[in-house]
Amino acid sequence: VHSVEEADGLHFLTMQLVEGQPLDRVVPEGGLTTPQILEIATALADALAAAHDKGIVHRDLKPENIFVPDDGPARIIDFGLAQLQKLARESLEVSAHSATAQDAGTAEYMSPEQCEGIVDADRRSDIYSVGVLLYEILSGAPPFWGRAADVREAHRSKRPVPLSLKVQCPAELD
């Protein structure tokens, strides 16, 4: 995000054009190697840290919103549901774009707080979503999937199957 602007009473973000492939198209059927996963994880952590340092919470991290360019690190895109942290509570209480806080995001990647409908979810929600993304690129599937209501309940009340029971991975990643 380069800037937050306003024109004729409408707020908008300006962002860099990034050409590449979304993460879900980059991951081969057999998965990525540990170095590739760590490279993506590092890039996501750096990008989130930069956004969070500016008070921006993405709120919709998912494979389609992670772009992997041919010539650089993975990038977070589509800040359409992003909020400035200090404004999160006010902007979600009444929103023309989402009926409830639970509707803001994609169930498979939402944090327990978002699934609960907590309107002032913070940077920890994004960090949780990155964990879900990494789980998926290691194992081939998000920890919970199915009907949105069931997935939200699982994020609130269940622990995912440990990665080591699904795939061979270093203990540090498990």
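Above: the structure in question.
In this report, we go over the structure that sits alongside the text. Computed from a predicted model, the values in this text were never measured in an experiment.

1. So, the overall build of the chain
Summing up its helical and strand segments, the chain has seven helices and seven strands in all. Helices (α) and strands (β) of the chain occur, in sequence order from the N terminus, as β-β-β-α-α-β-β-β-β-α-α-α-α-α. Each of the 174 residues in the chain was classed as buried or not, and the buried ones make up 36%. The long-range fraction of contacts in the chain, counting pairs at least 24 apart against all pairs at least 6 apart in sequence, stands at 59%. In the form shown here, the chain has an accessible surface area of approximately 10400 Å², with 52% of it arising from carbon and sulfur atoms.

2. Some details on helix H5 (residues 123–139)
In this model, H5 (17 residues) spans 25 Å end to end at C-alpha, consistent with the 24 Å of a helix rising 1.5 Å per residue. Looking at H5, one finds that the buried residues are Ser125, Asp126, Ser129, Val130, Val132, Leu133, Tyr135, Glu136, Ile137, Leu138 and Ser139. Following H5 by one or two positions, glycine 140 adopts a phi angle in the positive range, close to 95 degrees.

3. Regarding the nonpolar core
In terms of nonpolar packing, the biggest core is built from 24 residues, with Leu44, Leu61, Ile66 and Ile76 touching the most fellow members. Put simply, the parts of the chain that give this core at least two residues each are helix H2 (34–53), strand S5 (66–68) and H5. Not counting residues up to four positions away in its chain, the partners in contact with leucine 44 are Ile66, Ile76, Val130 and Leu133.

4. Observations regarding helix H6 (residues 148–157)
Looking at H6, one finds that the buried residues are Val151, Arg152, Ala154 and His155. Considered in projection along H6, the buried side chains sweep an arc of 160 degrees and stay on one side of the axis. Its buried side turned inward, H6 meets helix H4 (112–116) and H5.

Basis of the calculations
- Residues numbered from 1 in each chain as written.
- Predicted model: local features only at pLDDT ≥ 70, side-chain atom pairs only at ≥ 80, totals over all residues.
- Heavy atoms only, no water.
- Helix = DSSP H or I, 4+ residues; strand = E, 2+ residues; numbered from the N terminus.
- Buried < 20%, exposed > 50% of the residue type's maximum accessible area, 1.4 Å probe, protein only.
- Contact = heavy atoms within 4.5 Å.
- Areas by Shrake-Rupley, 256 points an atom, 1.4 Å probe, with all protein chains shown as cover.
- Expected span 1.5 Å × (residues − 1).
- Core = buried A, V, L, I, M, F, W, Y, C linked by side-chain atoms within 4.5 Å.
- Arc of directions from axis to C-beta.

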